[in-house]
Amino acid sequence: VQLVESGGGLVQAGGSLRLSCAASGRTFSSYIMGWFRQAPGKEREFVAAITWNGGRTYYADSVKGRFTISRDNAKNTAYLQMNSLKPEDTAVYYCAADISVTSIRSGKSANWGQGTQVTVSS
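Attention here is on the structure that accompanies the text. Keep in mind that this is a model prediction, so the values were computed, not measured.

Turning our attention to the side chain of Asp89. Within the secondary structure, Asp89 is located in the loop between strand 8 (77-82) and strand 9 (91-98). Residue classification places Asp89 among the buried residues on the basis of a relative accessible area of 0%. Side chain to side chain, Asp89 and Arg66 meet in a polar contact 2.7 Å long. Ignoring anything within four residues of it in the chain, the contact list for Asp89 reads Arg37, Arg66, Phe67, Ser84, Val118 and Val120.

Attention shifts here to the pattern of salt bridges. With the rule as written, the count across this model stands at four salt bridges. Note that Glu45 and Arg37 form a salt bridge whose closest N and O atoms lie 2.6 Å from each other. Arg37 gets classed as buried once you look at its relative accessible area, which sits at 6%. With a shortest N-O distance of 2.9 Å, Asp89 and Arg37 are connected by a salt bridge. Residue Asp89 is located in the loop between strand 8 and strand 9, and its partner Arg37 is located in strand 4 (residues 32-38); the two are separated by 52 residues in the primary sequence. In the salt-bridge network here, residues are joined through shared partners; they are Arg37, Glu45, Arg66 and Asp89.

A sheet is described by the order of its strands in space; here four strands give the open sequence 1-3-8-7, paired in antiparallel fashion. Whereas interior strands pair on both sides, the edge strands pair on one side only; in this sheet they are strand 1 (3-6) and strand 7 (67-72). Across the sheet, the mean angle separating the axes of adjacent strands is 15 degrees when strand polarity is ignored.

What counts and what doesn't
Residues numbered from 1 in each chain as written. Predicted model: local features only at pLDDT ≥ 70, side-chain atom pairs only at ≥ 80, totals over all residues. Heavy atoms only, no water. Helix = DSSP H or I, 4+ residues; strand = E, 2+ residues; numbered from the N terminus. Buried < 20%, exposed > 50% of the residue type's maximum accessible area, 1.4 Å probe, protein only. Polar contact = N/O pair within 3.5 Å; in protein donor to acceptor, adjacent residues only side chain to side chain. Contact = heavy atoms within 4.5 Å. Salt bridge = Lys/Arg side-chain N within 4 Å of Asp/Glu carboxyl O. Pairing = 2+ DSSP bridges. Axes fitted to C-alpha atoms, helices over the stretch in contact; angles between N-to-C directions.

Put into structure tokens, the structure is as follows:
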């Protein structure tokens, strides 16, 4: 599966952005989708994940209550709605796809997008 992120940009603290991850192929609904981020000088970290039918979601503690992951299997797209953004949310955001929740949450997915930059100014 090929993944393409979009929706990043520059936003003031307290603002919102919605990231999209468009997937190619007809098996999108079989994949667990995840979002990760990597800030300058830091390791890539897990942000959120969603199961194939959206029935279960997972979030990093740092984004709980502010970010919402969702998906539209008819559009082969996953989303990350980011509200109440903080300067520390500044990073390149990547989406990932895998059939294993463990692989997604550990960052060991074999399928990654190219990333989209999110910058939050104070």
